[in-house]
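# Report on the structure
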Amino acid sequence: MNHLDQETSKASRPIRPLPNLIFMSRWLQLPLYLGLILAQGVYVYHFWVELVDLIGAAMGNQAALEHILNAVAIDGAVRPTKLNESTIMLVVLGLIDVVMISNLLIMVIVGGYETFVSRMNLESHPDQPEWLSHVNASVLKVKLATAIIGISSIHLLKTFINAGAYDPKTLLAQTGIHITFLLSAIAIAYSDRIMAGTTTHHKNSH
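The following paragraphs examine the structure supplied in this document. (Residues numbered from 1 in each chain as written. Predicted model: local features only at pLDDT ≥ 70, side-chain atom pairs only at ≥ 80, totals over all residues. Heavy atoms only, no water.)

### Some details on the packing of helix 3 (residues 30–58) against helix 4 (residues 62–72)
Taken N-terminus to C-terminus, the directions of helix 3 and helix 4 make an angle of 120°; their axes are 8 Å apart at the nearest point. Pair helix 3 / helix 4 crosses with left-handed handedness. Here E50, D53, L54, G56 and A57 of helix 3 lie close against helix 4, whose contacting residues are A64, L65, H67, I68 and A71. (Axes fitted to C-alpha atoms, helices over the stretch in contact; angles between N-to-C directions. Helix = DSSP H or I, 4+ residues; strand = E, 2+ residues; numbered from the N terminus. Left-handed = near helix turned anticlockwise from the far one by under 90°. Contact = heavy atoms within 4.5 Å.)

### Some thoughts on the environment of L93
Here L93 is to be found in helix 5 (residues 85–117). Take L93: its relative accessible area is 7%, and that puts it in the buried class. Sequence separation between L93 and H155 is 62 residues, and the spatial gap between their C-alpha atoms is 8.3 Å. Those residues in contact with L93, other than ones at most four positions away along the chain, are I154, L157, K158 and I161. (Buried < 20%, exposed > 50% of the residue type's maximum accessible area, 1.4 Å probe, protein only.)

### Regarding a nonpolar patch on the surface
Side chains of I15, F23, M24 and W27 sit close together on the surface and give an oily, nonpolar patch of about 390 Å² of accessible area. Secondary-structure assignment places W27 in the loop between helix 2 (17–24) and helix 3. (Patch = residues over 30% accessible without salt bridge, like charges linked within 9 Å, V, L, I, M, F, W, Y side chains within 5 Å. Areas by Shrake-Rupley, 256 points an atom, 1.4 Å probe, with all protein chains shown as cover. Salt bridge = Lys/Arg side-chain N within 4 Å of Asp/Glu carboxyl O.)

The analysis is restricted to geometry; functional conclusions fall outside its scope.
And the structure:
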């Protein structure tokens, strides 16, 4: 029996009950991804509430203005009294933050389902995300780490805009946390590169 026949024989062999039960347990993750889809809906609703209030404040709506000013107010700092450049920037950064977290959710939902639950067979779909064509656990980890760095950058920028309202220890702590995220992402990407190189070398040696 040649190698091809052996592979065909293994593929046609039925899975034993216990391994099949263990393999089917991956579907227990499905409610988790459905829950993340609901969380995505909450973020979409929050985004539009903030955007409508920002537009309303710009148009002179007093209730919308009060909501925006309360949203950007920092404990210990002077509360803004009108819609100015800094206030608008803080609200827009908050909207960008929501979008980036939403992107993170999409990567976890789509990439996680594709990697750990079941194939989606999107190869012929015109809207298939470019990154999904070569997604695996390692690629997903790197992309998630990169997305978290982006979210951390937004939060750090919001802090720096209101730097006068924070003590130096808080600024240093947030900067240190951001640097830690950055170094962690670099370490993950470097580790995956080493593992990929080792796997390629092992395959070539055979």
